[in-house]
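Here is what each chain is made of, one letter per residue.
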Amino acid sequence: MSTSKKKERKTTIFGVLINMTEQMKQEVNQCMFDYSFMFRFSFKRLVEIEREHELDEDRKKAIQQLEKDVSSRTGYPIRVAKDAVADANELLTARHTLMVEYHELWKERYENTKAKYERFKQNPNVNHRSFHMLGLQNKMERQLKQIQFYEQHILQHTFPSIVFGGRKNFEELQKGNLSKEKWNELRNGRMSSRGDATKGGNPNLRVLETEEGFALQMISNRKVINGKKFYYEKTLIPLYIATKCSKKTRKLNGRKYPEVMKRALESGKAYQVEILKRDGQYHVRITVSEEKPIVQEKINGYLAVDTNIDGLALCLMNEKGFPTKFTWLGEGGLQYYPTHKRENVIWELAHQVVWPCVEQKLALVMEDLAFIHSKDVSKKVRRKSHQFCYRKLLECMETLCIRYGVKQVQVKPQFTSVIGRLKYQTRFRVNVHSAAALVIGRRAIPGLRETVPKKLLCVLTKKQLETFHEQNEWKQWSTMQKQATKLLKKQGAAFYQWHDYKKRVYQTLVTPKARKTKSSNKKRETKASFDTIIVHPIAE
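Because the structure is a prediction, the values reported are computed rather than measured.

1. Topic: the overall build of the chain
- In terms of helices and strands, the chain carries 16 helices and 14 strands.
- Sequence separation of at least 24 residues holds for 64% of the intrachain contacts in the chain that already meet a minimum separation of 6.
- For the chain, the computed accessible surface area is about 34,400 Å², with 51% contributed by carbon and sulfur atoms.

2. A short note on the sheet that holds strand β2 (residues 190-193)
- Reading across the sheet, the seven strands line up as β2-β8-β9-β1-β5-β4-β3 and stay open at both edges, with antiparallel pairing between neighbours. Bordering the open sheet on either side are β2 and β3 (205-209), each of which pairs with just one other strand. Here the average twist between neighbouring strands, direction ignored, is 35°.
- Judged from the seven bridges that link them, strand β8 (residues 272-278) and strand β9 (residues 281-291) form a sheet pairing that is antiparallel. Paired with Val273 across the two strands is Ile286, which belongs to β9.
- Its contacts with the sheet put helix α1 (residues 22-52) on β2, β4 (214-226), β5 (229-241), β8 and β9, and the angle it makes with β2 is roughly 75°.
- Contacting β1 (8-17), β3, β4, β5 and β9, helix α7 (residues 257-267) crosses the sheet at an angle of about 60° to β9.

3. Overview of the nonpolar core
- Counting 57 residues, the largest nonpolar core has Val207 and Ile286 as its most contacted members.
- Take this core: its biggest share by element is 11 residues, from α1.
- Aside from chain neighbours lying at most four places away, what touches Val207 is Phe214, Ala215, Leu216, Leu239, Met261, Leu265, Tyr271, Val273 and Ile286.
- Judged by nonpolar contacts, the second largest core, of 38 residues, contains Tyr302, Cys315, Ala435 and Val439.

4. A short note on the pattern of salt bridges
- Counted according to the given criterion, the structure contains 15 salt bridges.
- A salt bridge links Glu274 to Arg190, with the shortest nitrogen-to-oxygen separation between them at 2.8 Å. Residue Glu274 is found in strand β8, and its partner Arg190 is found in strand β2; the two are separated by 84 residues along the sequence.
- Overall, Glu274 belongs to the buried group, its relative accessible area being 17%.
- Here the residues in one salt-bridge network are Glu27, Arg222 and Glu233, joined through shared partners.

5. Notes on the sheet that holds strand β13 (residues 363-367)
- Taken together, five strands build an open sheet; the order of strands is β12-β11-β10-β13-β14 and the sheet is mixed. Taken across any chain shown, the strands that pair with only one partner, and hence form the sheet edges, are β12 (323-330) and β14 (408-411). The mean angle between the axes of side-by-side strands here comes to 20°, regardless of whether they run parallel or antiparallel.
- Note that β13 and β14 share four bridges and pair parallel. Each bridged residue has a counterpart across the sheet, and for Val365 the counterpart in β14 is Val409.
- Sheet strands in contact with helix α8 (residues 339-360) are β10 (302-308), β11 (311-317), β12 and β13, and its direction is about 10° off that of β11.

6. Regarding the pairing of β9
- For β1 and β9, the ladder comprises nine bridges, and the chain directions are antiparallel. Across the sheet, the residue bridging to Arg9 is Glu290, located in β9.
- In sequence, β8 turns back onto β9 through a hairpin of two residues, with Asp279 there showing a positive phi of about 55°.

7. Some remarks on a negative patch on the surface
- Taken together, the side chains of Glu101, Glu104, Glu108 and Glu111 present a region of like negative charge at the surface.
- Overall, Glu108 belongs to the partly exposed group, its relative accessible area being 35%.

8. Focus on unusual backbone geometry
- With a phi close to 60°, His157 is a non-glycine residue in the positive phi region.
- Inspection of the secondary structure assignment puts His157 in the loop between α4 (131-156) and α5 (167-175).
- Residue Lys361 is not a glycine yet carries a positive backbone phi of 55°.
- Along the chain, Lys361 falls in the loop between α8 and β13.
- In this structure Lys361 comes out as exposed when scored by relative accessible area, which is 55%.

9. Focus on the confidence of the model for the chain
- Predicted confidence across the chain gives a mean pLDDT of 85, with 87% of residues reaching 70 or more.
- For the stretch residues 512-516, pLDDT sits under 50, and the model shows three contacts to residues farther than four places along the chain or on other chains.
- Predicted confidence is poor over residues 526-540, with pLDDT under 50, and the contacts of this stretch with residues over four places away or in other chains come to zero contacts.

Thresholds, definitions, all that
- Residues numbered from 1 in each chain as written.
- Predicted model: local features only at pLDDT ≥ 70, side-chain atom pairs only at ≥ 80, totals over all residues.
- Heavy atoms only, no water.
- Helix = DSSP H or I, 4+ residues; strand = E, 2+ residues; numbered from the N terminus.
- Contact = heavy atoms within 4.5 Å.
- Areas by Shrake-Rupley, 256 points an atom, 1.4 Å probe, with all protein chains shown as cover.
- Pairing = 2+ DSSP bridges.
- Axes fitted to C-alpha atoms, helices over the stretch in contact; angles between N-to-C directions.
- Core = buried A, V, L, I, M, F, W, Y, C linked by side-chain atoms within 4.5 Å.
- Buried < 20%, exposed > 50% of the residue type's maximum accessible area, 1.4 Å probe, protein only.
- Salt bridge = Lys/Arg side-chain N within 4 Å of Asp/Glu carboxyl O.
- Patch = residues over 30% accessible without salt bridge, like charges linked within 9 Å, V, L, I, M, F, W, Y side chains within 5 Å.
- Lys, Arg positive; Asp, Glu negative; His and termini not counted.
- Charge placed at Lys NZ, Arg CZ, Asp CG, Glu CD.
- pLDDT = per-residue confidence, 0-100.

Okay, structure coming up:
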């Protein structure tokens, strides 16, 4: 049995500051306001440093001078100033990276639209002055403007101006739809401190274990002079670490985060602390490092997952790829729940998926999805895809797999629903999502190929059959999808209705000669049946 080496992973612990007096609230608000000021001031100054200094050595010296300047302006230790400057530098790097990503995204959208326009232009049956063609031309013009916009920022090494607190929130404030208190929370309601293992984990925002529970020790800018030495005042505030207690048994459900926090404090490793003020409460996020458990490579089967808007389709299969059970975890509220409730539902779904893998020693198979919106779609499709959280679902399942030592396999998602609909939906009498989950699971098994059944080959034409066996696996299924869609269109149906219309499609594929032979055979059978009838006399 082969095992992988242990590595560290990050875990975020959620907490809330509780039992705060008015003096504690004022001190926390003042510290968050000062930190937000340092963050904004550092960001603007870093933009100027980029323009003034071209060499990296000059920039490093300017950044060191900026850290001292920020510390002297606010009176906080140099360590707090370094954290603020590092945060601002990360934001600056992210903005430049975003310009490049947006430029590539709009360029890909433009190429797709242009290819579509050229394809319609070559068709003699399409009117070049139709509304559809004019709409494609206008779309290409808009996309070209976006490409030029981001290209100009990349060449000048700039980016659009930033409004700290959010541009939309600022517009709502100007309209009177957002209160000043809420705006101050969004703009000045954050403080962060990086960890340092040489100074007990975190010198500025330190988590302590007391007799009553946990507490957060926060540094301030007030100096206390003791002879020739001085130190900064610190405030101790009670901290509640999030736990999920059962209402019936009063036992802790899920992960016991207080124990995780205790282990992190005992190890002496560095941990990062972030405070956010939201709706009058002070939320604390503590990021600690833990060792990854050993992943067991020996497995008893596979559990494949197909992610959908209204839930998850699961397929349990053995080592040879034969399905033993299909299940559906449906939760329609993923599109409509608020953020906190939606996140809670996602984690519950992820636990329902991963926990059977822990108990039965299964490997979890998921799709390797790339979250790139390269297609220019309608507002309705964009809204639905934005509301559905593919990324969060997969990230939660990956996190739990790492936490519990479950082997995870990521496969390519191309043509999973097509193969499931044409090959497995009718055979196992399941919906298309469960059939797609079966295809996903079979792709994780080395040596298995999804060949096209002989019955489906009858939908192809003679020209397609001549070159069909020379094509690779995905090209074959692409040909099958196009031909099935073409035949269904004649019946007034779409590809997703294959299961309901396939009998009609097969009937239309019968040649005229075969119909004549069938009709003549029926006539012969009826004549033979009349000749073999024996009439018995009626008994008197």
